[in-house]
Amino acid sequence: MDKTLGRTSVKTPIVWTIAGSDSGGGAGIQADLHTINSLGGYGCSVISAVTAQNSVAVRLVEAVSDEMFSSQLDSLADDMPADVIKVGLLSTVSQVELLATFLAALETKPYVIYDPIAVASSGANMAQAGLQQAVLETLLPHIDLLTPNADELEILTKVIITSSHDIRRSAKVLLDKGCGSILIKGGHLELVDDVCMDFWTNGEREIVLGTPRIDSPHSHGTGCSLSSAIATVLALDYPIEDALVLAKAYLNQGLKAASAKGKGPGPIAHLGWPTDPTDFPDVILPGSELGRLLNLQGELAAGQGFASCNTDKLGLYPVVDSVEWCQKLLDMGIKTLQLRIKGKTDAEVEADVIAAIKLGKQYQARMFINDYWQLAIKHGAYGVHLGQEDLNDAVLPQISRAGLRLGLSTHGYYEMLRAKKLKPSYIALGHIFPTQTKDMPSRPQGLIRLEKYAALMNDIPTVAIGGINLERAPQVWQTGVGSIAVVTAITLADDPQAVVDAFNAVLES
Ligand SMILES: Cc1ncc(COP(=O)(O)OP(=O)(O)O)c(N)n1
Ligand SMILES: Cc1ncsc1CCOP(=O)(O)O
Ligand SMILES: [Mg+2]
């Protein structure tokens, strides 16, 4: 796994693809290896079947022997264990059973993704009769993520998808069989025009991503590439929601640049880590038209957005827990500041909030109030800072209508894209390094990711936070982020003024 805290990545993760060989190079094992390699993984393969095909036709499919299938699995397991496994075409019932037994016996089970190609009607000639039943009964309990399209879903569950209710009902059938989560790929969903919609659920959470349909005839291998992209991004230690978003961006990027290699439809292009914001999918908010059509839980909607800070560079941004610290830092010339008091009632903090807001105005500084958004509105703060959990309770339209700025915490691609839809005044990216200040549920992001995040969020002010000290500041600044937020680098410093001066020197460089 990627243990990136700084700029160096420790290990290239191993991703296995268990799939069929496509002699035309566009799908199956070949597409998977292109994808894994392109996104920074090391790909190993277990070939389930050899197909003779080109861009026009599949001429012959021959499953490998059970002995060959198992021997490939065992060879890899003995020497090159997988960080993540992607499964594509399984051609015979015995391959399904052998794989289920193999996975059950693994001491350390990696994350397993299954793209159930062979159960699709279009792939019927690649699969043996009875295979679907074997998948349902023996393989699904070992699968962490199943990635069917609507046709495959209907074949597996016998549920015909005509509504969002059907989507959830069919997902439940598969989750009840023991599968960890489902990504229903929207390429074939007809519920919404013009939008390719992907629906993910693990039975507790739901994520819906939308992208305008890219009408290219050259879409051979899209399903294979999507699932192996998810596998690789997970193997690089990103959370599932980020893997879904990145894999979709990888696909969109590849579809836009796809071209024919023979007389028929060509494969998608394999162009590495996606960086173009226009390739990234839209996170569907529950309060949007589509979110309501899909019955997504929650209220979040894009709305009017929030007042601007009138600068992309918020500068050094101390986050402190008392009015005394606010006063000291304003006297030092700080122009962006946050009052962050934890674990008190509104009544207990109200006087401090009033005092901090007053000081902010007096010094013409950008004074943000953390968490206590109602008090911030009541007393006319410059802005409010909210975290992901706060988004469930805060009434964002009230903050917006009152003219306050809004800063939002994010911890990865999915949260950034979702936050951006709310049109906040800035987006905080964290935590970058280990921090003593707060127990974080996620892992530190490191500088490599920060650089990617800052580039993707290039049209909104960004703030980096978490474990940033003077020593690390120059490298953080070089990532292109617009501001550095710090707690202990200042509050535990022997000479806070000297530290503020040194940070300012870095941020002015
Ligand atoms: C500038 C900045 N970035 C991130 C945070 C963290 O906010 P949140 O996730 O709401 O966590 P708490 O600060 O409330 O513990 C922040 N406060 N400021
Ligand atoms: C509030 C918060 N949110 C993410 S990291 C963090 C604490 C940052 O503190 P420090 O600068 O001392 O690591
Ligand atoms: Mg908060």
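Residues numbered from 1 in each chain as written. Chains lettered and ligands numbered in written order. Predicted model: local features only at pLDDT ≥ 70, side-chain atom pairs only at ≥ 80, totals over all residues. Heavy atoms only, no water.

Asker: Looking at this structure, I do not really get the coordination of the magnesium ion (ligand 3). What am I missing?
Answerer: Protein coordination at the magnesium ion (ligand 3) comes from Asp371 (OD) and Asp390 (OD), with a distance range of 2.1 to 2.5 Å. On the criterion of sequence distance, the pair formed by aspartate 371 in the loop between strand S13 (366–370) and helix H12 (373–378) and aspartate 390 in helix H13 (residues 390–393) is long-range, its members being 19 residues apart. (Donors = N, O, S within 2.8 Å, 3.2 Å for Na, K, Ca; no water. Helix = DSSP H or I, 4+ residues; strand = E, 2+ residues; numbered from the N terminus.)

Asker: What should I look at first to understand empty space enclosed by the protein in this one?
Answerer: Take a probe with the size of a water molecule and roll it over the atoms, and the empty space left behind shows itself. Within the structure shown, the criterion is met by one cavity of 30 Å³ or more. Taken together, Leu183, Asp198, Leu209, Leu226, Ile230, Leu244, Ala247 and Lys248 make up the lining of the largest cavity. Among the elements of the structure, helix H7 (222–235) and helix H8 (240–256) are those that each provide at least two residues to the lining of the largest cavity. If one sorts the elements of the lining of the largest cavity by residue count, H8 sits on top with three residues. (1 Å grid on protein atoms, 1.4 Å probe; cavity = no way out; pocket = protein on both sides within 12 Å on 5 of 7 lines; lining within 4 Å. Points joined across faces, edges and corners; volume = space filled by probe spheres on them.)

Asker: So what exactly am I meant to see when it comes to the pattern of salt bridges here?
Answerer: Between side chains of opposite charge, a pair can form as their charged atoms come close. Tallied over the entire structure, the rule returns 16 salt bridges. Here aspartate 371 ties to lysine 342 by a salt bridge, and the two come within 2.5 Å at their closest N and O atoms. Highlighted residues: aspartate 371 in the loop between S13 and H12 and lysine 342 in the loop between strand S12 (336–339) and helix H11 (346–362), separated in sequence by 29 residues. (Salt bridge = Lys/Arg side-chain N within 4 Å of Asp/Glu carboxyl O.)

Asker: I would appreciate a short explanation of the site of ligand 1 in the present structure.
Answerer: Taken together, 16 residues are adjacent to ligand 1, and Gln338, Arg340, Lys342, Ser409 and Lys438 come closest. Arginine 340 is positioned such that a nitrogen or oxygen atom in its side chain is 2.6 Å from an oxygen atom of ligand 1. Lysine 342 places a side-chain nitrogen or oxygen 2.5 Å from an oxygen atom of ligand 1. Against a free-state accessible area of 420 Å², the protein chains account for coverage of 93% of ligand 1. Looking at the shell around ligand 1, the elements that each hand over two or more residues are strand S14 (383–386) and strand S16 (426–429). Along the lines of polarity and charge, the residues of the shell around ligand 1 split into six nonpolar, five polar and five charged. (Near = heavy atom within 4 Å. Polar contact = N/O pair within 3.5 Å; in protein donor to acceptor, adjacent residues only side chain to side chain. Areas by Shrake-Rupley, 256 points an atom, 1.4 Å probe, with all protein chains shown as cover. Nonpolar A, V, L, I, M, F, W, Y, C, P; charged D, E, K, R; others polar.)

Asker: Can you help me understand the site of ligand 2 in this one?
Answerer: All residues adjacent to ligand 2 are Arg340, His431, Thr435, Thr437, Lys438, Met440, Ile465, Gly466, Gly467, Val486, Val487 and Thr488. A distance of 2.5 Å separates an oxygen atom of ligand 2 from a polar side-chain atom of threonine 437. Between ligand 2 and the protein, one listed contact pairs an oxygen atom with a backbone N or O atom of glycine 467 at 2.7 Å. Split by residue class, the shell around ligand 2 holds four nonpolar, six polar and two charged.

Asker: Explain the UniProt feature "binding site: Mg(2+)" (unreviewed entry) in the chain to me, please; I cannot follow it from the model alone.
Answerer: Under the UniProt annotation, "binding site: Mg(2+)" (unreviewed entry) lies at Asp371 and Asp390. What stands out for the annotated residues spanning 20 residues is how close their C-alpha atoms remain, the widest pair being 7.1 Å apart. Apart from residues no more than four positions distant in its own chain, aspartate 371 is found in contact with Ile341, Lys342, His385, Leu386 and Asp390. Of note is the side chain of aspartate 371, whose polar atom sits 3.4 Å from the side chain of asparagine 370. Note on aspartate 390: relative accessible area 22%, which makes it partly exposed. (UniProt positions renumbered as here; feature names shortened; annotations may be inferred. Contact = heavy atoms within 4.5 Å. Buried < 20%, exposed > 50% of the residue type's maximum accessible area, 1.4 Å probe, protein only.)

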